[in-house]
Amino acid sequence: MSQAALQTGTPPSPTGSTGPRLAALGDTQPAVLEARGLFKSYRRGAVGTPVLQGIDLSIRKGEFLSIVGPSGCGKSTLLHLLGTLDAPEAGEVHFDGHRIDNLPTSSRDLLRNRYFGMIFQFYHLLPELSVLENVLAPALICDGTLKYLRTRRAHRRRATELLELVGLTHRLKHKPRELSGGEMQRAAIARSLLMEPSLLLADEPTGNLDREAGEQVMAMLGELKARENLTIVMVTHDPWIAEQADRVVRLEAGRIKTG
Amino acid sequence: MYKLLLCWRYLRTRYIALVCIVSVTLGVATMIVVNSVMAGFSHEMQNRLNGMLGDIVLRSRSMDGVADPLAHMQKIKNVAGADVVGMSPTVHVPALMYLQVGDQALTRQVTLVGIDKDTYASVSKFGGYLQHPKNREQLEFTVRDGGYDVYDQQTPVAEQKHPRNAMKTAGWPYRRYKARLKAQKERIAQHAAALETSANPFQNGPAEVAEPAEGEHFDPAVEQHTGIVLGIGVCGYRTSDGADHFIALPGDDVRVSFPKATLPPEAISEFYTVVDIYESKMSEYDTQFVFVPITALQQSRGMVDPETGIGKFTAIQVKLREGADPNAVRDRLAEAFPSQLYSVTTWRDEQGPLLAAVQMETAVLNVLLFLIIAVAGFGILAIFFMIVVEKTRDIGILKSLGASWQGVMGIFLSYGLCLGVVGAGVGTLLGLSFVWNINEIADALGRLTGTPVFDPSVYYFYKIPTIIEPFTVTWITAGAVAIAVAASVLPAWRAARLHPVRALRFE
């Protein structure tokens, strides 16, 4: 794939020779999330800066995959594409055997709400809501007012249970600004798990935390993965954090290098 | 659900947004006040306009009138009998009136109206405006023996503040007192003259035998001229504190000059005795009309046929039944009577320009005030844009959690709706309470500034009339809410269209 081709806007064919398939390397579990030949560039005027140049990636059910790479190599962009927050210029994303990158907006909203959990480097809690309300936010978004009022007891039980798991029982009524970074990230983890998703996408979850808090968060993720039967995709620039995953892949110059 | 929750939280944490709807509040309050006062004024005015005249007036185009009111009334009955409940012939003539104050005669231009005291009450509310309780029941053109109202009977008892002390003795007691005073003065003058004459016997020339002139035996202490009813604005004036002052009272004599209905015209002058005063509270009428018995006026002007005894009239006032369409009756009558000789008008036609002016004033004010609310709408737009920019990251978070663009838009639309409802609601309450206490507020402002806000001498009402029309209040409130929502559409749309990734990266 040449630079010139990208700049003229010709999308490269996803069926071209874009490297070896990583799926099903002797594993019996089926691939739950699959990326095929993803291309993405950022445009500023007529000049496009390529970020992802043909990503093929396959994540098996129950796997904990971490993607490492230097800052600005497109890790977050890849995660956004996998999480349907952004659309690729070429290539496909498949979830549970269905193509999801070209779904209508409302279906993608539903997917993010019910099937994906997301964690971000900067926690991204809503400052106006309390910790409990933040954790309940996906349920609030999912249900209309009347339905929520009917089901709120179950949602509350689930939320308090998750907050207990992440050790924030004493912080339910606090606003995010009254919490430490580690606590905020734990609240964000609880929020991402409220709707019992099968896939957790974590974008530098420890990037803003000190070593101790980072370790705490990672331990928690490992624990929850087992308990909630999760598949986790995590991007990080910290090799030590990446080590904790089942499998590590490297992203370099817009392509996957198997580690 | 999150829409309501977030909308509520944004309301609670962003008071700046509440500040931006203060202009909506003030606009709504002002509109309600203006509309209520204008409606009050125009209602009051229409009442009074219609009160003095019949619903329909058939006028002779000649000032000298046409003969035979009975035949004309019969014809009106034939044409529009079903809708007519009362008729009364009148004679209108411009006149000059001389009020005697001390040694001076004040000249006033008035319209002298001859009315039939028995039927005029059936076509107008004129009777109710009189100052003597018995005259209100049945008008008599004779001076009453006292008992005229000291307080304006048309204002509620609680608001009667200014006693008209001069009215306490009005009527015969006053007339007798004046006659006595005059007699005394004459005696003194005679005595002085006698002294002069005795000092210089040749001054007056040869002695004349005084012949008793006509009316010589008229004794004002026990007799009266033909009765006349004056408008309160003709015989008095009101100072800005609301007190009335009189320059003529029941019991006084006035001289009126007017043309005879003959060729060549001839001005005549008659004495009348004031028997009552009317107050329609419509200064246009109160300063213009004076009423005398129609028969006396016809005689004075030579409008009675000496052979048949049939009089002439210049107008017939017609009262219609409740619910009749005055315009339709007017058109039918206009067809029945030759238009080169008669004009037929409704009371609305008569005061058309005035009513139209009030209506236009209201409309213009409404447009201007609504523009003020629209300006407030742009304020909301600007502040909302700022809030959306400030909340960009939150919008990204919501989208990453699966919120739809409709949902995000809903947050800001319901935010706008809440602000609109709060703003318009507070404005409505403010406006209504202002209207309910408008007179107290006007008084307080008057005391504070030293200039009365509402000058009763200008308007002839003692207090500001207001009418709250629920329909008007509803559409003002709804309009303001609609403007607030409309102003939030654009920022909400922008928020809904934000790209989630770009929103999340927003610093």
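Remember, it's a predicted structure, so these values are computed and weren't measured experimentally. (Residues numbered from 1 in each chain as written. Chains lettered and ligands numbered in written order. Predicted model: local features only at pLDDT ≥ 70, side-chain atom pairs only at ≥ 80, totals over all residues.)

Colleague: It is not clear to me how the overall build of chain B should be interpreted in this structure. Could you clarify?
Modeller: Scanning chain B for helices and strands turns up 17 helices and 13 strands. The C-alpha radius of gyration computed for chain B amounts to 34 Å, which surpasses the reference 23 Å derived for 507 residues by more than 25%, pointing to a less compact arrangement than a globule. The C-alpha extent of chain B, read off along each of the three principal axes, is 125 × 60 × 35 Å. Out of the 507 residues in chain B, the part that is buried amounts to 40%. Here the contacts in chain B between residues at least 6 apart in sequence split such that 81% fall between residues at least 24 apart. (Helix = DSSP H or I, 4+ residues; strand = E, 2+ residues; numbered from the N terminus. Rg over C-alpha atoms; globule rule 2.2 N^0.38 Å. Buried ≥ 20, exposed ≤ 12 C-beta atoms within 10 Å, placed from the backbone. Contact = placed C-beta atoms within 7 Å.)

Colleague: Is there a simple way to explain the overall build of chain A in this structure?
Modeller: A count of helices and strands for chain A gives 8 helices and 10 strands. Going through the 259 residues of chain A one by one, you find that 47% of them count as buried. By sequence separation, contacts in chain A at least 24 residues apart represent 73% of the contacts at least 6 residues apart.

Colleague: I would appreciate a short explanation of the sheet that holds strand 10 (residues 255–258) of chain A in the present structure.
Modeller: All names here are of chain A. As summarised here, the arrangement of the 6 strands in space is 6-7-8-3-9-10, forming an open sheet in which the pairing is mixed. Bordering the open sheet on either side are strand 6 (116–119) and strand 10, each of which pairs with just one other strand. Along the sheet, successive strands turn relative to each other by an average axial angle of 20 degrees, direction set aside. When strand 7 (residues 199–203) meets strand 8 (residues 231–236), the two strands line up parallel, connected through 5 bridges. Bridging from a neighbouring strand, leucine 199 pairs with threonine 231 of strand 8. Sitting on the sheet, helix 2 (residues 75–82) touches strand 3 (64–68), strand 7, strand 8 and strand 9 (247–252), and the angle it makes with strand 8 is about 155 degrees. (Pairing = 2+ DSSP bridges. Axes fitted to C-alpha atoms, helices over the stretch in contact; angles between N-to-C directions.)

Colleague: What's the story with the pairing of strand 9 of chain A in this structure? I'm lost.
Modeller: A regular strand carries its side chains on alternate faces of the sheet. All names here are of chain A. Where strand 3 lies against strand 9, 4 bridges are found, and the strand directions are parallel. Following the sheet pairing, isoleucine 67 is matched in strand 9 by valine 249. Of the strand pairs in this sheet, strand 9 and strand 10 are connected by 4 bridges, and their pairing is antiparallel. Bridge pairing in strand 10 links glutamate 252 to arginine 255. The antiparallel pairing of strand 9 with strand 10 creates a hairpin that spans 2 residues between the two strands, and alanine 253 there sits at a positive phi of about 50 degrees.

Colleague: It is not clear to me how the interface of chain B and chain A should be interpreted in this structure. Could you clarify?
Modeller: Interfaces are often described in size by the accessible area the parts lose on coming together. Between chain B and chain A, the contact holds 21 residues from the first and 22 residues from the second. Across the side of chain B that touches chain A, the residue classes break down as 14 nonpolar, 5 polar and 2 charged. (Nonpolar A, V, L, I, M, F, W, Y, C, P; charged D, E, K, R; others polar.)

Colleague: Which parts of the structure should I look at to understand helix 11 (residues 352–390) of chain B?
Modeller: Counting along an α-helix, one turn takes 3.6 residues, and residues three or four places apart therefore face a common direction. Residue and element names in this part refer to chain B. For helix 11, built from 39 residues, the straight-helix expectation of 57 Å at 1.5 Å per residue is met to within 8% by its first-to-last C-alpha distance of 57 Å. Within helix 11, burial applies to Leu369, Ile373, Ala376, Gly377, Ile380, Ile383, Phe384 and Val388. Buried positions along helix 11 lie against helix 2 (15–20), helix 3 (22–52), helix 12 (392–400), helix 13 (405–436) and helix 16 (470–497). (Expected span 1.5 Å × (residues − 1).)

Colleague: Just checking my understanding: could you explain the confidence of the model for chain B for this structure?
Modeller: Fine structural detail should not be taken from predicted coordinates in areas where pLDDT scores are low. All names here are of chain B. Residues of chain B with pLDDT of at least 70 account for 94%, and the chain-wide mean is 85. Mean pLDDT across the secondary structure elements of chain B bottoms out at helix 15 (residues 456–459), with 63, and peaks at strand 10 (residues 289–293), with 93. Here the complex is predicted with pTM 0.70, and the ipTM for its interfaces comes to 0.84. (pLDDT = per-residue confidence, 0-100.)

Colleague: Help me understand the pairing of strand 3 (residues 84–101) of chain B, please; the structure alone is not making it clear to me.
Modeller: All names here are of chain B. Two elements, strand 3 and strand 12 (residues 315–320), share 6 bridges in a ladder whose sense is antiparallel. For glycine 86, the partnering residue across the bridge sits in strand 12 and is lysine 319. The pairing of strand 3 with strand 4 (residues 104–115) spans 12 bridges and is classified as antiparallel. The residue of strand 4 that forms the bridge with valine 93 is leucine 112. Between the antiparallel neighbours strand 3 and strand 4 lie 2 residues, among them glycine 102 with a positive phi of about 60 degrees. Here strand 3 runs beside strand 8 (residues 253–259); their pairing, made up of 4 bridges, is antiparallel. Across the sheet, methionine 97 pairs through a bridge with valine 256, a residue of strand 8.

Colleague: Could you clarify how one ought to interpret the packing of helix 3 of chain B against helix 11 of chain B in this entry?
Modeller: The description of two helices packed together rests on the angle between their axes and the distance between the axes. Residues and elements named next belong to chain B. Put simply, helix 3 and helix 11 touch, their axes get as near as 9 Å, and they point 175 degrees apart. Relative to helix 11, helix 3 is oriented roughly antiparallel. Along the contact surface, helix 3 presents Ser23, Val24, Gly27, Val28, Thr30, Met31, Val34, Asn35, Met38, Phe41, Ser42 and Met45, while helix 11 presents Val358, Glu361, Thr362, Leu365, Asn366, Leu369, Ile372, Ile373, Val375, Ala376 and Gly379. Among the residues forming the contact of helix 3 with helix 11, the class breakdown is 14 nonpolar, 8 polar and 1 charged. (Parallel < 35°, antiparallel > 145°, perpendicular 65-115°, else oblique.)

Colleague: Please clarify how the environment of B:Leu11 should be interpreted in this entry.
Modeller: Residues and elements named next belong to chain B. Note on placement: leucine 11 falls in helix 1 (residues 2–13). Note on leucine 11: 16 C-beta atoms within 10 Å, which makes it partly exposed. Sequence-wise, leucine 11 and leucine 419 are 408 residues apart; in three dimensions their C-alpha atoms are separated by 8.1 Å. For leucine 11, the contacting residues outside a window of four places in its chain are Tyr415 and Cys418.

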